[in-house]
Amino acid sequence: MNVTSDRPRTRWGVLTQPDFRLLWTGETVSGLGNSITVVGLPLIAVEVLDASSTAVGLLAAAVWLPWLLVGLPVGAWVDRIHKRPLMIACDLVAVVALGSIPLAAWLDALTFQHLVVVTLICGTAAVCFNTAYHSYIRIVLDGRDLLEGNAKLQGSEAATQVAGPGVAGLLAQAFGAVTALVADAMTFLVSAACLKRISVVEPDRAPDEKGVPLRRQISEGLRYVGRDRYLRSMVTWGAVINMALMGYQAVQVVFLVRTVGLDPGLVGLLLTSGSTGGIVGALVATRVSRRFGTARGLLLLQVATAPFALLLPLTTAGSGLLLFAMGAFLVGIGISVANIVVGSFRQTYCPPHMLGRVVATAMMINHSTIPLGSLLGGVLGDALGYRSAMWIMTGVVALSWLILAASPMRREHDLPQTHEPEQAPAKS
């Protein structure tokens, strides 16, 4: 059951709705915690355990591994159960897992294996939470508010990605990397408390879905995405763009330090450009979609922003740094708007009983190319040089819009609001 509202529009928009405000608050706070984790765990590995760079890379891989191992079954499972209790449970699991690290460190019992296990547990909890979360937004918000709601959530996520590393660094410097992780664990408690207070009632699962084998439901999700011309194009684009983005991001720090000759502080400042673009993208996504249409606006913005990725390998010292900042900023805008439009489209287009599987299938495929892109970027950097690797990977980003242009959206003003039964039969 979707929550509807007859209230007049205000500048605060969907934030005037109590249930969405609770969801947004919890997600923003826990998003800040996730950003702290990204910095905090490697700091603990390096400072407390004296881990090697290979070990730190293993920690990074462990974050994404659960998507490949359990993403599809989790999608089918989420479609069977109520979303909010699962999300609360995931938050509490993260609290316990992250809280075990400071406890072990204070008892002088912390090991690298402990960090890996905690990372895998938190990664698995994130798979379950994010899959349920994308389905739950549709329950909290009316369909007409989904685009605005997703824009608000995407904007706060981008903001926490800008602020999180800085907060983590300050906490680690003031109290130590281990103690900083306590603050991280507390953010998940805030998220659980906010979710607990949401009043919307979730609909029960359809009776004809009960007793269906999990394997069959997974197959239905894969077939639904594979056969649908809109979803298929979006997932393909997402997989390619993720590979290319991670490919150049894998070498951009080394490129800026060793090729361009920057100090670490300036490198960090430049790398915030993409997240800043993400914030701007979240602010303009709703206006762009209303002005040009969801289909045409998405495609036009990708055409207008993706080619600016080619500014990154042109970066030189001095005024040439503006090329990197502008390129990352504009690419960030395009990616942010695409995430909002595609996420909102899935939530309105897919039948409710299929949404968890569709989200999990899309995310599993999209995330599967992240480690591939990182590996490819690193190999190209060592084999051809860092600037050449940047040219190759940003070249893929610049051309990625062609995948969307080849889809049906090139002929349409708006993306459809309901699924197409002739392409992907689904029970209603």
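Conventions we followed
- Residues numbered from 1 in each chain as written.
- Predicted model: local features only at pLDDT ≥ 70, side-chain atom pairs only at ≥ 80, totals over all residues.
- Heavy atoms only, no water.
- Salt bridge = Lys/Arg side-chain N within 4 Å of Asp/Glu carboxyl O.
- Helix = DSSP H or I, 4+ residues; strand = E, 2+ residues; numbered from the N terminus.
- Buried < 20%, exposed > 50% of the residue type's maximum accessible area, 1.4 Å probe, protein only.
- Axes fitted to C-alpha atoms, helices over the stretch in contact; angles between N-to-C directions.
- Parallel < 35°, antiparallel > 145°, perpendicular 65-115°, else oblique.
- Left-handed = near helix turned anticlockwise from the far one by under 90°.
- Core = buried A, V, L, I, M, F, W, Y, C linked by side-chain atoms within 4.5 Å.
- pLDDT = per-residue confidence, 0-100.
- Contact = heavy atoms within 4.5 Å.
- Expected span 1.5 Å × (residues − 1).
- Arc of directions from axis to C-beta.
- Patch = residues over 30% accessible without salt bridge, like charges linked within 9 Å, V, L, I, M, F, W, Y side chains within 5 Å.
- Areas by Shrake-Rupley, 256 points an atom, 1.4 Å probe, with all protein chains shown as cover.
- Phe/Tyr/Trp six-rings, centres within 6.5 Å; stacked < 30°, edge-to-face > 60°.
- Lys NZ or Arg CZ within 6 Å of the ring centre and 35° of its normal.
- Nonpolar A, V, L, I, M, F, W, Y, C, P; charged D, E, K, R; others polar.

**As for the pattern of salt bridges**
In total, this model carries 3 salt bridges according to the counting rule given. Here lysine 152 makes a salt bridge to glutamate 148, at a shortest N to O gap of 3.3 Å. Of this pair, lysine 152 and glutamate 148 both sit in helix 5 (residues 146-175), separated by 4 residues, roughly a single helical turn. Residue classification places lysine 152 among the partly exposed positions, given a relative accessible area of 24%. Here arginine 216 makes a salt bridge to glutamate 220, at a shortest N to O gap of 3.3 Å. Residue arginine 216 and its partner glutamate 220 are both found in helix 7 (residues 214-227); the two are separated by 4 residues, about one turn of the helix. The buried category is assigned to glutamate 220, whose relative accessible area is 17%. Within this structure, Arg216, Glu220 and Arg357 form a network of salt bridges that share partners.

**Regarding the packing of helix 8 (residues 229-259) against helix 12 (residues 355-384)**
Two quantities define a packed helix pair, namely the angle between the helix axes and the distance between the axes. Closest axis-to-axis distance for the helix 8/helix 12 pair is 6 Å, and the angle between their directions is 30°. If you check the angle between helix 8 and helix 12, you find them roughly parallel. When you trace helix 8 past helix 12, the crossing you get is right-handed.

**Describing the nonpolar core**
Core analysis: the largest hydrophobic core is formed by 89 residues, its most contacted members being Leu23, Met87, Tyr136, Leu231, Tyr248, Leu256 and Leu415. Top contributing element to this core by residue count: helix 11 (residues 321-349), with 15 residues. Counting residues in hydrophobic clusters, the runner-up holds 22 residues, among them Ala104, Leu115, Cys122 and Val178.

**Overview of the environment of alanine 159**
Structurally, alanine 159 is set in helix 5. The partly exposed category is assigned to alanine 159, whose relative accessible area is 31%.

**Describing the confidence of the model for the chain**
Here the chain shows a mean pLDDT of 82. Residues at 70 or above account for 88%. Every residue in residues 1-8 scores below 50 in pLDDT, and together they form 21 contacts with partners more than four places removed in sequence or on other chains. Note on residues 421-428: pLDDT is under 50 here. Beyond four places in sequence and across chains, it has 15 contacts.

**Here's the deal with unusual backbone geometry**
Of note in this structure, aspartate 108 is not a glycine but carries a positive phi near 60°. Of note, aspartate 108 is situated in the loop between helix 3 (83-106) and helix 4 (112-140).

**Focus on helix 7**
Given a rise of 1.5 Å per residue, 14 residues ought to cover 20 Å, and the 20 Å separating the end C-alpha atoms of helix 7 matches this to within 8%. Within helix 7, the full set of buried residues consists of Gln217, Ile218, Glu220, Gly221, Tyr224 and Val225. An end-on view of helix 7 places all buried positions within 160° of arc, on one side of the element.

**With respect to a nonpolar patch on the surface**
The grouping of Leu92, Trp106, Val182, Met186 and Leu189 at the surface amounts to a nonpolar patch, some 460 Å² of accessible area in total. Take the nonpolar patch: its biggest share by element is 3 residues, from helix 6 (residues 177-197). Tracing the chain through its elements places leucine 189 in helix 6.

**Let's talk about the environment of glycine 261**
With respect to the secondary-structure elements, glycine 261 resides in the loop between helix 8 and helix 9 (264-292). Considered as a pair, glycine 261 and alanine 317 are 56 residues apart in the sequence and their alpha carbons are 7.0 Å apart.

**Focus: the side chain of threonine 131**
With respect to the helices and strands, the residue threonine 131 is situated in helix 4. Residue threonine 131 is classed as buried on the basis of its relative accessible area, which comes to 0%.

**A closer look at the environment of cysteine 128**
Within the secondary structure layout, cysteine 128 lies in helix 4. You can call cysteine 128 buried: its relative accessible area is 10%. Put simply, cysteine 128 and glycine 71 are 57 residues apart on the chain and 8.0 Å apart in space, counted from C-alpha to C-alpha. Not counting residues up to four positions away in its chain, the partners in contact with cysteine 128 are Val74, Trp77, Val78, Leu86 and Cys90.

**Quick word on the packing of aromatic side chains**
Under the defined criterion, the tally for this structure stands at 4 aromatic pairs. By way of ring pairs, the aromatic residues Tyr230, Phe345 and Tyr349 are connected into one cluster. The ring centre of phenylalanine 292 lies 4.9 Å from the NZ or CZ of arginine 291, which sits over that ring.

**Considering the packing of helix 4 against helix 12**
The N-to-C vectors of helix 4 and helix 12 enclose an angle of 135°; their axes lie 9 Å apart at closest approach. Overall, the two elements helix 4 and helix 12 adopt an arrangement that is oblique. The two elements helix 4 and helix 12 meet at a crossing, and its hand is right-handed. Each of Thr131, His134, Ser135 and Arg138 in helix 4 lies in contact with helix 12, whose residues at this interface are Leu355, Gly356, Val359, Ala360 and Met363. For the contact of helix 4 with helix 12, a count of residues per class yields 4 nonpolar, 4 polar and 1 charged.

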